[in-house]
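Residue-level listing of the chains:
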Amino acid sequence: MKKTLAALSLALALLTGSAAAFSDVDGGLYYAAPIAWAVEQGITTGTSEDTFSPDALCTQGQILTFLWRAAGSPQVEEESLPAGLSPESLNPNFLKTVAWAFQAGILGDGASPLDPSAPCDRGTAMGFLWRYAGSPAANAPGAFTDVSPNADYAQAVAWAVESGITSGTSEATFSPGEYCTRGQIATFLYRCLNEVSLGEKVYVPVDPVSPPPAPEPEEEIQPQRTLFGLGKAYSLGLDGSEFTSEGVYEAEVTVEIYSSYEAVFTVKVPFPLFQACAYSVRFDDPEELGSGYIFTCLRWDEAFADIIPWEGEHYQERFSDLTGISRKETYFMAQYKDEDRMGGVLSWRVSLTPGGGFNFDLLDGYELSCEVSSNL
């Protein structure tokens, strides 16, 4: 056993350098060695010859494909699929993967909705890994405030955290609905297949006799549609900036829609982000003045001290429905995707709650705009 682990450690040490083959994989980041290992073992590949896209969203179909390859790419009867899915409805690249995952019990009872083309969230990813491992029991239940004991992924999360596969996003939260990136999924797989005892479920060819055929580059998930808009930006004019507090500058906004309930909002202004604290993205109904939807983010920056009166939390987000007589709040979750403070670019990944009364399909014909300022 020690000899095997030593050989694996040496192999991983040598592989870390191969991550440099991808121009977008920083060898000093946490996912460099896992990506190098996964590519070497034929579990995953790049999205092109020299890119891996570690920060791109990973779909449910992609993580199932990674697990299928890790299991040795077993052949199964393709006709056996979860209820609601047919061979005609699936991307051909995912057909064998989904059939294997269903028949191997990776999908549970198959009753939960599966969309191979949809981004995979943290709760779903841990469920896949847990069932691949044989659904082992955790020594103690999880204690995250956002993971209900009755959730179908609760045991999976408790096991994954206890096994060191992942951790919470804070001491009290796990964020099960937060979408995973390709770099994160490669890291989860690496820790699961190399550092956790999974019995006969594991297939990790440390020194394969003949390398598996190189898989085709995986297609990076693309938005279904992209909306563009312009707006106004107001600068605080800090630190002798050329952008004065009296000036009105142009702002740009894009909304990349990946599904009915998931999109990425990006706002770009011509000055550094510490020059403003209020960001809003509006979807206006052109046929009814004042009617529409608005996403607002307020955040405090240390540069605002003694300049902006601020009360309450130093970070607030709202998604409001303005289509009726009274303003209604929409249930959603937002997280920073990218931030270039000096370049004036800020992105949020916005996830809506299904059944919450609003989804991105309702935006057809609406006009997109934005405003960035210090107005609270």
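Everything discussed here concerns the structure shown above.
All figures in this text were calculated on a predicted structure; none of them were measured in a lab. (Residues numbered from 1 in each chain as written. Predicted model: local features only at pLDDT ≥ 70, side-chain atom pairs only at ≥ 80, totals over all residues. Heavy atoms only, no water.)

This paragraph deals with the overall build of the chain. A tally of helices and strands in the chain yields seven helices and 10 strands. Looking at the 376 residues of the chain, the share that counts as buried comes to 47%. Relative to all contacts within the chain whose residues are 6 or more apart in sequence, the contacts with residues 24 or more apart total 66%. (Helix = DSSP H or I, 4+ residues; strand = E, 2+ residues; numbered from the N terminus. Buried < 20%, exposed > 50% of the residue type's maximum accessible area, 1.4 Å probe, protein only. Contact = heavy atoms within 4.5 Å.)

A separate point is the packing of aromatic side chains. Tallied over the entire structure, the rule returns 19 aromatic pairs. With centroids separated by 5.4 Å and ring planes inclined at 50 degrees, the aromatic side chains of F319 and F358 adopt a geometry described as tilted. One end of the pair, F319, is in strand 6 (residues 315-321); the other, F358, is in the loop between strand 9 (345-352) and strand 10 (367-373), and 39 residues separate them in sequence. For F358, a relative accessible area of 2% puts it in the buried group. Of the aromatic side chains, those joined through ring pairs into one cluster are F265, Y279, F283, Y293, F295, F319, W348, F358, F360 and Y366. (Phe/Tyr/Trp six-rings, centres within 6.5 Å; stacked < 30°, edge-to-face > 60°.)

Turning next to helix 3 (residues 60-70). Within helix 3, 11 of the 11 residues are buried, which leaves the element mostly enclosed by the surrounding structure. Along helix 3, the positions that sit buried rather than exposed are Q60, G61, Q62, I63, L64, T65, F66, L67, W68, R69 and A70. One or two residues past the end of helix 3 sits G72, with phi positive at roughly 95 degrees.

On to the packing of helix 5 (residues 122-132) against helix 6 (residues 154-163). Following both chains from N to C, one finds helix 5 and helix 6 inclined at 80 degrees, their axes separated by 8 Å at the closest point. Between helix 5 and helix 6, the interaxial angle falls into the category roughly perpendicular. Residues M126, G127, L129 and W130 of helix 5 lie in contact with helix 6, whose contacting residues are Q155, A156, V157, W159 and A160. Of the residues in the contact of helix 5 with helix 6, the class split is seven nonpolar, two polar and no charged. (Axes fitted to C-alpha atoms, helices over the stretch in contact; angles between N-to-C directions. Parallel < 35°, antiparallel > 145°, perpendicular 65-115°, else oblique. Nonpolar A, V, L, I, M, F, W, Y, C, P; charged D, E, K, R; others polar.)

The buried fraction of strand 3 (residues 262-268) amounts to six of the seven residues, a majority that puts the element mostly inside the structure. Strand direction decides the pairing type here: strand 2 (residues 249-259) and strand 3, joined by seven bridges, are antiparallel. By the bridge assignment for strand 3, V255 is matched with F265. Joining the antiparallel neighbours strand 2 and strand 3 is a turn of two residues. Of the strand pairs in this sheet, strand 3 and strand 9 are connected by seven bridges, and their pairing is antiparallel. Opposite F265, over in strand 9, you have W348 as the bridge partner. (Pairing = 2+ DSSP bridges.)

Looking at the secondary structure, you find S369 in strand 10. We classify S369 as buried; its relative accessible area is 19%. Contacts of S369, omitting those with residues within four sequence positions, involve L230, V253, S280, V281, R282 and D284.

A separate point is the packing of helix 3 against helix 4 (residues 92-103). Their axes nearest at 9 Å, the elements helix 3 and helix 4 cross at an angle of 70 degrees. By the angle between their directions, the pair helix 3 and helix 4 is classed as roughly perpendicular. Contact with helix 3, carried on its side by G61, Q62, L64, T65, L67 and W68, involves F94, K96, T97, W100 and A101 of helix 4 and no other residues of that element. Residue classes in the contact of helix 3 with helix 4 are distributed as six nonpolar, four polar and one charged.

The next thing to look at is the pairing of strand 2. Judged from the nine bridges that link them, strand 1 (residues 225-233) and strand 2 form a sheet pairing that is antiparallel. Residue pairing in the sheet places T226 in a bridge with E256 of strand 2.

What follows deals with the nonpolar core. If you look at the biggest cluster of nonpolar residues, it comprises 47 residues, and the most contacted ones within it are M126, F128, L129 and I185. Elements with a contribution of two residues or more to this core: helix 2 (32-40), helix 3, helix 4, helix 5, helix 6 and helix 7 (182-195). With residues up to four places along the chain from it excluded, the contact list for M126 reads A156, V157, A160, I165, T166, F174 and F188. Core analysis: the next-biggest nonpolar cluster, separate from the first, contains 32 residues, L227, V281, C297 and V372 among them. (Core = buried A, V, L, I, M, F, W, Y, C linked by side-chain atoms within 4.5 Å.)

As for its position among the elements, G237 is in the loop between strand 1 and strand 2. Taking the relative accessible area as the measure of exposure, G237 reaches 27% and is therefore partly exposed. Between the C-alpha atoms of G237 and A276, which are 39 residues apart in sequence, the distance is 9.2 Å. Non-local contacts of G237, meaning those with residues more than four positions away in its chain, are made with F243, T244, S245 and Q275.

This is a description of form; function is not addressed.
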